[in-house]
Amino acid sequence: MEGPDVIACEQCPELVESRSRIVDGVGPDDADLLLLGEAPGANEDEQGEPFVGRSGSILDEALRDAGLARDDVRITNCVRCRPPENRDPHTEELANCRGHLERELAVVDPKLVVTLGKVPSEHLLDRSIAVTKAAGDVVDVRLGGRGYRAVVSVHPAATLYDGSQRETFFETIARAAEIAGVGSGGDEDGGQSSLGQF
């Protein structure tokens, strides 16, 4: 099976024009926990890694609180190229990049996917969703003919604009670590006992 990295892609002319590089996912190819954002921003495009700006600092902090390091999890995006002016990816761009995401998920085969924000949540669930209300919800999703368990989360950047979202975000990441059986919330049998309660 082809690896999760995208070497070259020119399916979205506007994104090819606005990016300086393709930003692939980072972290272990066999991570139990995969965090899914929408698309790279300016910092990510510059450094070639997802979630390295201010929202990345919040994410790192939430992971530490859950007993995890960045290197313990897989972090990726629905779209691998920075949209102009950091706008949300268009439906066509999400569709064009979906095969890359399907391949990455198939390679990593995480126990749990955490959707960080509205765009990745709606992309995986294939429906409209009020992320703030749904944060922490555990759902089953299908991608590329495979089933995955996912937890809906607000985007870490939401905590920068609305302080009341901070607790929600940190609790969701801690819950995700517990469900996946990793970090300080992990248990010896790979999280199966905690899965039973959802």
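The structure presented is a predicted model; accordingly, all values stated were derived computationally and were not measured.

Chemist: Help me understand the overall build of the chain in this model?
Modeler: Along the chain, the regular secondary structure elements total nine helices and five strands. In the chain, the succession of α and β elements from N to C terminus is α-β-α-α-β-α-β-α-α-β-β-α-α-α. Taken over the C-alpha trace, the chain has a radius of gyration of 16 Å; the compact-globule value for 198 residues is 16 Å, and the two agree within 12%. When the backbone C-alpha atoms are referred to their principal axes, the chain occupies close to 45 × 40 × 30 Å. Taken across its 198 residues, the chain has 51% of its residues classed as buried. Considering only contacts in the chain between residues 6 or more positions apart, those separated by 24 or more positions represent 70%. Approximately 9,200 Å² of the chain is accessible, and the part contributed by carbon and sulfur atoms is 43%. Looking at the chain, you have 20 positive and 37 negative side-chain charges, and the mean spots of the two groups are 3 Å apart.

Chemist: Any chance you could explain helix H3 (residues 54-65) here in plain terms?
Modeler: Residues lying three or four places apart along an α-helix face the same way, a consequence of the helix completing one turn every 3.6 residues. Helix length check: H3 (twelve residues) gives 17 Å between terminal C-alpha atoms against 16 Å at 1.5 Å per residue, within 8%. Contacts from the buried residues of H3 go to strand E1 (33-37), strand E2 (74-77), strand E3 (112-116), helix H7 (158-161) and helix H8 (165-180). Looking one or two residues past H3, Gly67 carries a phi angle of roughly 85°, positive in sign.

Chemist: Just to check I follow, could you spell out the packing of helix H4 (residues 91-108) against helix H5 (residues 118-125) for this structure?
Modeler: The packing of two helices is summarised by the inter-axis angle and the distance between the axes. Interaxial distance between H4 and H5 falls to 12 Å at its minimum, and their mutual angle equals 75°. Between H4 and H5, the interaxial angle falls into the category roughly perpendicular. Residue-level contacts link Leu94, Arg98 and Leu101 of H4 to Val119, His123 and Leu124 of H5. Its residues assigned to classes, the contact of H4 with H5 comprises four nonpolar, one polar and one charged.

Chemist: Could you clarify how one ought to interpret the pairing of strand E4 (residues 138-143) in this entry?
Modeler: Look at any regular strand and the pattern is simple: side chains alternate between the two faces of the sheet. Along E4, the buried face is formed by Val139, Val141 and Leu143; none of Val138, Asp140 and Arg142, which line the opposite face, is buried. By the bridge criterion, six bridges tie E4 to strand E5 (residues 146-153) in an arrangement that is antiparallel. When the bridges of E5 are listed, Val138 appears paired with Val151.

Chemist: Where do I start with the environment of Asp137 in this structure?
Modeler: Secondary-structure assignment places Asp137 in the loop between helix H6 (131-134) and E4. With 48 residues separating them in the primary sequence, Asp137 and Pro89 have C-alpha atoms 24 Å apart. Setting aside chain neighbours within four positions, we find Asp137 in contact with Ala150, Val151, Val152 and Arg175.

Definitions and cut-offs
Residues numbered from 1 in each chain as written. Predicted model: local features only at pLDDT ≥ 70, side-chain atom pairs only at ≥ 80, totals over all residues. Heavy atoms only, no water. Helix = DSSP H or I, 4+ residues; strand = E, 2+ residues; numbered from the N terminus. Rg over C-alpha atoms; globule rule 2.2 N^0.38 Å. Buried < 20%, exposed > 50% of the residue type's maximum accessible area, 1.4 Å probe, protein only. Contact = heavy atoms within 4.5 Å. Areas by Shrake-Rupley, 256 points an atom, 1.4 Å probe, with all protein chains shown as cover. Lys, Arg positive; Asp, Glu negative; His and termini not counted. Charge placed at Lys NZ, Arg CZ, Asp CG, Glu CD. Expected span 1.5 Å × (residues − 1). Axes fitted to C-alpha atoms, helices over the stretch in contact; angles between N-to-C directions. Parallel < 35°, antiparallel > 145°, perpendicular 65-115°, else oblique. Nonpolar A, V, L, I, M, F, W, Y, C, P; charged D, E, K, R; others polar. Pairing = 2+ DSSP bridges.

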